[in-house]
Amino acid sequence: MTTTFPDVTISTDRLVLRPFEEEDATALAEMMNDENITAWTSAPYPYTQADAYAWATRDSHTERAEGRGIVFAVTEFLTQRLVGIVHLRNTNWRTRATEVGYVTAPWARGEGYASESVLAVAQWLFREQAFERLELRTAADNTASQQVAQKIGCISEGVLRNAWTVRTQTPDGGWADTRTDLIVWSLLPEDLDEGDGYGGYDGYESYESRDTHGAHDTHGGHGGHGGHPGDAGAGRRSDAHGHPVGADRK
């Protein structure tokens, strides 16, 4: 039984979803230091260039190599600018189920990139990888992320009470942890079959295999959940950036 995702690139009409590269580190560090990402995830703050370099060159690729999931750097087709992350994680190969998290860069919000990229990954997951369930968890107050879930056709299944910690900014400019509920959403293959995607968009246009013997072998604005890439070990829920399960960002 296959226990790792193929090393692929997914293309939509506006975006290219590909593995992270060393050249992404500077834009990644800038993106992850956004206040909304700090608030809704447990990513390190400040998020250093060293954190970004480790994620871009090693940690994100380890997710796929070790069978935990797959990480996509979301880039604009025309400019090649990094605009977000989509991360499949906590993958159960026996039940063909996985969880998605996502992050949108502050300079790319309001363009519908989160919905477009997550929907494309979901369609690839169901149609090409024969998966049967995609799960998403959003912090109770993160309405922006919830709108993404609704837009791509996810069904709300219930609430995990007091299940996560988000950050709130203190008067002195620091951050304090606050408990919150998580809303659980799911997407199944038949949910996508019932329509043509949001707003007439029908997901990915194509995907291609990458050279798995190349530089990537060793290795949620909006978002899924948050934390530090090095914390995404076995038995621990992890986020769009490889962190322990957290929340999405506006």
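What this report covers is the structure whose coordinates are included nearby.

This paragraph deals with the pairing of strand β5 (residues 97-104). Of all 8 residues in β5, 8 are buried; the element is thus mostly enclosed. Burial of β5 is two-sided: the residues Ala97, Glu99, Gly101 and Val103 facing one way and the residues Thr98, Val100, Tyr102 and Thr104 facing the other way are all buried. Two elements, strand β4 (residues 82-92) and β5, share 7 bridges in a ladder whose sense is antiparallel. Pairing of Ile85 across the sheet is with Val103, part of β5. Counting the residues that bridge the hairpin from β4 to β5 gives 4 residues, and of these Arg96 lies at a positive phi of roughly 55 degrees. Pairing between β5 and strand β6 (residues 133-139): 3 bridges, direction parallel. Its bridge partner lying in β6, Glu99 is registered against Glu135.

By size, the foremost hydrophobic cluster in this structure holds 36 residues, and its most contacted members are Leu88 and Trp124. Counting 18 residues, the second-largest nonpolar core is a separate cluster that includes Ala25, Ala29, Ala52 and Val103.

All right, on to unusual backbone geometry then. Residue Pro46 is bonded to the preceding Tyr45 through a cis peptide linkage, with omega at 0 degrees. Counting through the fold element by element, Pro46 comes out in the loop between α2 (35-40) and α3 (49-65). If you check the backbone angles, Asn90 has positive phi at about 55 degrees while not being a glycine.

The subject of this paragraph is the environment of Val71. In this structure, Val71 sits in strand β3 (residues 70-76). Judged by its relative accessible area of 7%, Val71 is buried. With residues near it in sequence (within four places) discarded, Val71 still touches Arg18, Pro19, Phe20, Trp55, Ser60, Glu63, Ile85, Val86 and His87.

With respect to the helices and strands, Gly112 occurs in the loop between β5 and α4 (113-129). Each C-alpha atom of the pair Gly112 and Lys151 lies 9.7 Å from the other, and the pair is 39 residues apart in sequence.

Buried within helix α5 (residues 143-151) we find Ala144, Ser145, Gln146, Val148 and Ala149. Where α5 is buried, its residues meet β5, α4, β6 and β8 (175-187). Following α5 by one or two positions, Gly153 adopts a phi angle in the positive range, close to 100 degrees.

On to the packing of aromatic side chains, then. Throughout the structure, instances matching the rule amount to 6 aromatic pairs. Centroid distance Phe5 to Trp93: 4.7 Å. Interplanar angle 50 degrees. Geometry classified as tilted. With a gap of 88 residues between them, Phe5 in the segment before β1 (8-11) and Trp93 in the loop between β4 and β5 connect regions that are remote in the sequence. Taking the relative accessible area as the measure of exposure, Phe5 reaches 1% and is therefore buried. Here Phe5 and Phe131 contribute two aromatic rings whose centre-to-centre distance is 5.4 Å and whose plane-to-plane angle is 35 degrees, an arrangement assigned as tilted. With Phe5 in the segment before β1 and Phe131 in the loop between α4 and β6, the pair connects residues that are 126 residues apart, well separated along the chain.

Below, the discussion takes up the pairing of β4. Of all 11 residues in β4, 9 are buried; the element is thus mostly enclosed. For β3 and β4, the ladder comprises 6 bridges, and the chain directions are antiparallel. The residue bridging Val71 from the neighbouring strand is His87, located in β4. In this antiparallel pair of consecutive strands, β3 and β4, the connection spans 5 residues, and Gln80 shows a positive phi of 65 degrees.

Definitions and cut-offs
- Residues numbered from 1 in each chain as written.
- Predicted model: local features only at pLDDT ≥ 70, side-chain atom pairs only at ≥ 80, totals over all residues.
- Heavy atoms only, no water.
- Buried < 20%, exposed > 50% of the residue type's maximum accessible area, 1.4 Å probe, protein only.
- Helix = DSSP H or I, 4+ residues; strand = E, 2+ residues; numbered from the N terminus.
- Pairing = 2+ DSSP bridges.
- Core = buried A, V, L, I, M, F, W, Y, C linked by side-chain atoms within 4.5 Å.
- Contact = heavy atoms within 4.5 Å.
- Phe/Tyr/Trp six-rings, centres within 6.5 Å; stacked < 30°, edge-to-face > 60°.

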